[in-house]
Amino acid sequence: MSSAPGQPDASPTTTVLVTTPGLGLAFASAGATAYGISIVFARMAADSGLSGVSVALYRVIAMFFVAALVAALWRRLPRIAPGEGRAMIALALGGAGVGIGYMSAVTFIPVSVAVVIFFTFPIVIVLLSPLVDGGSLRPALLLLAGMAFTGVAMVIGPAFETLDWRGVALAGLASASATLQFFSGTRSPQTTTLSKIFWVNLAVIPACIIVGGVLGALDPPAALTVAPAAVALLIATYMAGLFFQLVALVRASAVVVGLAFCAEPVVATAASAILLGERLVPLQFLGGALVVGAVATNVLMENRRSRALATRRALTE
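Scoring rules and cut-offs
- Residues numbered from 1 in each chain as written.
- Predicted model: local features only at pLDDT ≥ 70, side-chain atom pairs only at ≥ 80, totals over all residues.
- Heavy atoms only, no water.
- Helix = DSSP H or I, 4+ residues; strand = E, 2+ residues; numbered from the N terminus.
- Buried < 20%, exposed > 50% of the residue type's maximum accessible area, 1.4 Å probe, protein only.
- Contact = heavy atoms within 4.5 Å.
- Areas by Shrake-Rupley, 256 points an atom, 1.4 Å probe, with all protein chains shown as cover.
- pLDDT = per-residue confidence, 0-100.
- Core = buried A, V, L, I, M, F, W, Y, C linked by side-chain atoms within 4.5 Å.
- Expected span 1.5 Å × (residues − 1).
- Arc of directions from axis to C-beta.
- Salt bridge = Lys/Arg side-chain N within 4 Å of Asp/Glu carboxyl O.
- Axes fitted to C-alpha atoms, helices over the stretch in contact; angles between N-to-C directions.
- Parallel < 35°, antiparallel > 145°, perpendicular 65-115°, else oblique.
- Left-handed = near helix turned anticlockwise from the far one by under 90°.
- Nonpolar A, V, L, I, M, F, W, Y, C, P; charged D, E, K, R; others polar.
- Phe/Tyr/Trp six-rings, centres within 6.5 Å; stacked < 30°, edge-to-face > 60°.

1. Structural notes on the overall build of the protein chain
When helices and strands are tallied, the protein chain shows 13 helices and zero strands. When the helices and strands of the protein chain are listed from N to C terminus, the series reads α-α-α-α-α-α-α-α-α-α-α-α-α. Sorting the 317 residues of the protein chain into buried and exposed places 52% on the buried side. A separation of at least 24 residues holds for 91% of the contacts in the protein chain among residues at least 6 apart in sequence. Within the structure as shown, the protein chain displays about 13,800 Å² of accessible surface, and the carbon and sulfur contribution to it stands at 71%.

2. Digging into the confidence of the model for the protein chain
Considering every residue of the protein chain, the mean pLDDT works out to 78; 86% of them sit at 70 or more. Low confidence marks residues 1–19, where pLDDT is under 50. Its contacts with residues over four positions away, or in another chain, come to 49 contacts.

3. Points about the nonpolar core
Formed by 74 residues in total, the largest nonpolar core has its most connected members in Ile39, Tyr102, Phe118, Phe121, Phe182, Val257 and Phe261. Leave out the neighbours within four places in its chain, and Phe121 touches Ser175, Ala178, Thr179, Phe182, Gly258 and Phe261. Core analysis: the next-biggest nonpolar cluster, separate from the first, contains six residues, Ile123, Leu144, Ala145 and Ala294 among them.

4. A closer look at helix 12 (residues 263–275)
Two residues of an α-helix separated by three or four positions point the same way, owing to the 3.6 residues in each turn. Spanning 13 residues, helix 12 covers 18 Å between terminal C-alpha atoms, matching the ideal 18 Å at 1.5 Å per step. Among the residues of helix 12, those classed as buried are Glu264, Pro265, Ala268, Ala271 and Ser272. Down the axis of helix 12, the smallest arc covering the buried residues is 135°, so these residues share one side. Gly277 lies just past helix 12 and shows a positive phi near 75°.

5. Details of the pattern of salt bridges
As enumerated under the stated definition, the model contains two salt bridges in all. The partner of Arg43 in a salt bridge is Asp47, and the shortest N-O contact between them spans 3.1 Å. Of this pair, Arg43 and Asp47 both sit in helix 2 (residues 21–47), four residues apart, which is roughly one turn of that helix. Across the pair Asp164 and Arg166 runs a salt bridge, and its minimum N-O distance is 2.7 Å. Exposure remark for Asp164: the relative accessible area of 19% places this residue in the buried category.

6. Considering the packing of helix 3 (residues 52–74) against helix 10 (residues 228–249)
Where helix 3 contacts helix 10, the axes come no closer than 10 Å and their chain directions differ by 60°. One element, helix 3, and the other, helix 10, form an angle in the oblique class. Relative to helix 10, helix 3 is oriented so that their crossing is right-handed. For the pair formed by helix 3 and helix 10, the contact residues are Val55, Tyr58, Arg59, Val60, Ala62, Met63 and Val66 on the first element and Leu234, Ile235, Tyr238, Met239 and Leu242 on the second. Of the residues that constitute the contact of helix 3 with helix 10, the class distribution is eleven nonpolar, no polar and one charged.

7. Points about the packing of aromatic side chains
Counted under the stated rule, the structure contains nine aromatic pairs. On the numbers, 5.9 Å between centres and 25° between planes, the contact of Phe27 with Phe244 is stacked. Here Phe27 is found in helix 2, whereas its partner Phe244 is found in helix 10, with 217 residues between them in sequence. A relative accessible area of 24% means that Phe244 is categorised as partly exposed. Judged by centre distance (5.3 Å) and plane angle (90°), the ring pair of Phe182 and Phe261 falls under edge-to-face. Note that Phe182 is positioned in helix 8 (residues 165–185) and Phe261 in the loop between helix 11 (254–260) and helix 12, a separation of 79 residues in sequence. Assigned by exposure class, Phe182 and Phe261 land together as buried. Among the aromatic residues, those joined into a cluster by ring pairs are Tyr35, Phe118, Phe121, Phe182 and Phe261.

8. Describing the environment of Ile109
You can see Ile109 is positioned in the loop between helix 4 (85–105) and helix 5 (111–118). Judged by its relative accessible area of 2%, Ile109 falls in the buried class. Residues Ile109 and Trp165 lie 56 residues apart in sequence; the distance between their C-alpha atoms is 8.8 Å. In this view, Ile109 contacts Arg43, Ala114, Ile117, Leu163, Asp164, Gly167 and Val168; residues no more than four positions away in its chain are not counted.

9. Digging into the packing of helix 6 (residues 121–133) against helix 8
Relative to each other, helix 6 and helix 8 sit at 45°, their axes nearing to 10 Å. When the interaxial angle is binned, helix 6 and helix 8 end up oblique. Here helix 6 runs over helix 8; the crossing is right-handed. Residue-level contacts link Phe121, Val124, Ile125, Leu128, Ser129, Val132 and Asp133 of helix 6 to Ser175, Ala178, Thr179, Phe182 and Phe183 of helix 8. Here the residues of the contact of helix 6 with helix 8 are counted per class, giving eight nonpolar, three polar and one charged.

Set out below in structure tokens:
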């Protein structure tokens, strides 16, 4: 679970993937499930007339006030740990991009397609991890990345001509932002989860207001009453997803947590089929299976490597 208030989530010298890989994956899976359901409620809100930027704005405002209330009750200031300011700025920028891009994309394209485009981010994380975290890009990772990209192309291909380019661009922005968010999230282990939630959401609020003002897409608070149930469920699932994501990122690497989020498109697609009546053709199902299979296989590979490393260290002590 999360650290006690005012205490760091993990020591800066802790190799989180070795010490708590199972816990990190469990938190990541919980966050992925919550986010997957959240995107369907976002589409419901959009169908009721709410803009994606407005949905993103009001959900972060709600999360910010919850974090501020908890901090006040615990009598703890939401401090940023020394040396982690840049990582927190990157985390906030990533959160803003994901919120605006992902929530707005489903206004122009189906949830299932937005999910697949967005979920190129675990592949990008795999490809960039040697540059960002050091090490080499193993041939097995290249094979899995190629497999996942093939799956993405299969899912998008059948409906590509009918896609609105704005939705595709916004989902792509969300993917790039998620990549930044996941890498930066692993670089702030000393800042508490509560502080991260407070500052990240505070930073996203003006970004949503600026973008919404430029696009003329901001709805007044009274507009939320057009879909109160969808908005309430969207906010609740977003809060759960963000909390579990941030907790997971201080207990496992960006590669492991990002790829564990392969559960999100599965949940989102299943939920959209049940709640929205969206359907995929067989080729798209096959493509989705390739994407999920590729990222899930890499999670298993990383876990085996972590256990082997832990065993070697135990033998040398």
